[in-house]
Amino acid sequence: EAVDAAEGMTPDARRQMIEDMVAGLDKRLSEDGRDLEGWQRLIRAYAVLGRRDDALAALKRAQAALAQEAPSLEILGALAKSLGLAS
């Protein structure tokens, strides 16, 4: 449905819809950070939107939220590297 709706929107309206969706995901993860896939989507979304600082901040928040899960940290590290966010 969202894709169909986006096709008829102006570029500015489409970008605002995407920004709103990303903000909603960010809020949800701030409330419950145990969702590895959600973190991956958020970090990738910020990177695609050109919001590198936000992507890095989300990465740090994800690492803190999943600090006790070594496999999740490895996945986040690989994602960061693939997006050019790894230090």
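Please refer to the structure placed before this passage.
Presented here is a report on the structure given in the accompanying data block. Treat the numbers as computed from the prediction; the structure is a model and nothing was measured.

A tally of helices and strands in the protein yields 5 helices and 0 strands. When the elements of the protein are put in sequence order from the N terminus, they spell out α-α-α-α-α. When its C-alpha atoms are laid out on the principal axes, the protein stretches across 45 × 25 × 20 Å. When the 87 residues of the protein are sorted by exposure, 30% land in the buried category. Within the protein, residue pairs in contact and separated by at least 24 positions form 43% of the contacts whose partners lie at least 6 positions apart. When the accessible area of the protein is evaluated, it comes to approximately 5600 Å², of which 54% is carbon and sulfur surface. Charged side chains of the protein number 12 positive and 15 negative; the gap between the two group centres comes to 6 Å.

Next up on the list: the pattern of salt bridges. With the rule as written, the count across this model stands at 7 salt bridges. The residue glutamate 19 makes a salt bridge to arginine 51 at a minimum N-O spacing of 2.4 Å. With glutamate 19 in helix H2 (residues 11-31) and arginine 51 in the loop between helix H3 (36-48) and helix H4 (52-65), this pair connects stretches of sequence that are 32 residues apart. For arginine 51, a relative accessible area of 27% translates into the label partly exposed. Of the charged contacts, one joins arginine 61 and aspartate 26 as a salt bridge, the two residues approaching to 2.8 Å between their closest N and O atoms.

Cut-offs and rules
Residues numbered from 1 in each chain as written. Predicted model: local features only at pLDDT ≥ 70, side-chain atom pairs only at ≥ 80, totals over all residues. Heavy atoms only, no water. Helix = DSSP H or I, 4+ residues; strand = E, 2+ residues; numbered from the N terminus. Buried < 20%, exposed > 50% of the residue type's maximum accessible area, 1.4 Å probe, protein only. Contact = heavy atoms within 4.5 Å. Areas by Shrake-Rupley, 256 points an atom, 1.4 Å probe, with all protein chains shown as cover. Lys, Arg positive; Asp, Glu negative; His and termini not counted. Charge placed at Lys NZ, Arg CZ, Asp CG, Glu CD. Salt bridge = Lys/Arg side-chain N within 4 Å of Asp/Glu carboxyl O.

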